[in-house]
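Coordinates in review
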Amino acid sequence: MPLRFRKVLIADERYESAAVFNVNGDGALDIVSGAWWYEGPDFKKKHKIGPVAAYDEYFDDFSTIPLDVNGNGRLDFITGGWWGNTLRWRENPGDPDKEWPDHVIAETGNIETTRAWDIDGNGIPEIVPNTPGGPLVAYKLVTDKRGKGTGKFTAHKLFDGPQGHGLGAGDIAGNGRVDFVLNHGWLEAPADPWRGKWTWHPEFKLFPSASVPILVLDVNGDGVNDLIVGGGHEYGLDWVEQRRIRNGKRKWVRHPIDPFNSQYHDMHWADIDGDGVCELVTGKRYRAHCDGDPGAFDPYGIYYFKWTGEGFAKQVITFGEARETTGCGIHFALADLRGLARLDIIAPGKDGLYVLYNEGP
């Protein structure tokens, strides 16, 4: 039975990234988006984080990745954007009335968006920006003897590039390691990801502006991981089946999920309906390139797709015209905001910051 969602406007802001974590240590989840954080559980009281540079319709803030960077027990977050050419972390001051200091991690060039994956299996995720014109570089948090963050990162170049638009990570080779997926091939991880040689496999071409992330998971249950990828700035949402053939070689077979909607830029694989099986949760990024993308003026929304054993069945969460509905930005979040064992959707975008409360079937 389809789920019901209740949409609530949290803020009429244009930031396209949001995350959910406990900012002030009171045990309640808060929402962090752009220049503000919104105090849980009702998110009505907001606190200033600090200024974010604006460029036309955009802000230079294309990710919100929680991480205790300086090891003081408070969650900070990682961000960066297209225009500032830097990967940055904003430091949680521990005082709701103080602004969050902004620290540069590295000069990176244009950042489409950033994600985090635990590449070496030590329990602390590495920060990996999608820099379409540049190399693939992972930034590893430096820790002290207690395993706490020191506020510093080391840079590890994994691929000379260019990366292209699109980035994902997961075990493609089937050996338990974290490989990387770009829009024109994949990188096979060595046993030692920091000292070994990464192997490039140009085995496919996905969308020219592929989603971030490209999901790596076993869609059809055959024991090998496949890909799910959206067209971030074009029409289409596909799953790409990995088939093993002789001598360790692979064949990739592309299957459409939704060819009739555009700007699928961000996505999650999570059990949103509570049946014990994960669904694909995604939607359109409102005005991703303002009016410049195919389908820019189409109706838009957020959806979840259930795997049926043969294909994906689309369930609509919200859909409609501009200002009647909402999209899901460049970095949206899922979280159980009310402790009801149901995942809610935190959806930022140029059309506002919304929570879509999951009211069950």
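Since this is a predicted model, take the numbers as computed values, not measurements.

Attention shifts here to the nonpolar core. In this structure, Ile31, Tyr38, Leu337, Ile346 and Leu353 are the most contacted members of the largest nonpolar core, which totals 19 residues. Secondary structure elements with two or more residues in this core: strand E1 (5-11), strand E4 (36-39), strand E28 (333-335) and strand E30 (353-358). The dominant element in this core, judged by the number of residues it contributes, is E30, at three residues. Leaving out residues up to four positions away in the same chain, leucine 337 has contacts with Val20, Leu29, Phe43, Asp344, Ile346, Val355 and Tyr357. Of all hydrophobic cores here, the second largest spans 16 residues; its members include Trp117, Leu182, Ala189 and Trp198.

This part is about the layout of surface pockets. Its boundaries defined by the atoms lining it, the largest pocket holds a volume of some 300 Å³. As for the largest pocket, its lining consists of 20 residues, and the residues nearest its centre are His268, His331, Phe332, Ala333 and Leu334. Elements represented by at least two residues in the lining of the largest pocket include exactly strand E2 (19-21), strand E8 (65-67), strand E12 (113-117), strand E24 (264-270) and E28. In terms of residue count, E24 provides more of the lining of the largest pocket than any other element does, five residues in total. Looking at the lining of the largest pocket, its residues break down into 15 nonpolar, three polar and two charged.

Here is what the cut-offs are and how they apply
- Each chain has its residues counted from 1, running along the sequence as written.
- pLDDT decides what is reported in this predicted model: residues at 70 or higher carry local features, side-chain atom pairs at 80 or more are listed and counted, and totals for whole chains, interfaces and linings draw on all residues regardless.
- For the side-chain quantities, the full set of heavy atoms in the structure was used; hydrogens and water were omitted.
- Put simply, a nonpolar core is a bunch of buried Ala, Val, Leu, Ile, Met, Phe, Trp, Tyr and Cys residues held in one set by side-chain atoms that sit within 4.5 Å of each other.
- Partly exposed describes any residue whose relative accessible area lies between the buried limit of under 20% and the exposed limit of over 50%, with all areas from a 1.4 Å probe on protein chains only and scaled to the type maximum.
- Starting at the N terminus, helices and strands are each numbered in turn, a helix being any DSSP run of H or I of at least four residues and a strand any DSSP run of E of at least two.
- Contacts: residue pairs with any heavy atoms within 4.5 Å of one another.
- Site definitions follow a grid-based scheme: protein atoms alone, a 1 Å grid, a 1.4 Å probe that fits but cannot get out for cavities, and for pockets an open set with protein on both sides within 12 Å along at least five of seven lines, plus lining residues having an atom within 4 Å of a point.
- Grid points are joined across faces, edges and corners, and a volume is the space filled by probe spheres set on the points.
- Three classes are used: nonpolar for Ala, Val, Leu, Ile, Met, Phe, Trp, Tyr, Cys and Pro, charged for Asp, Glu, Lys and Arg, and polar for all others, with Gly counted as polar.

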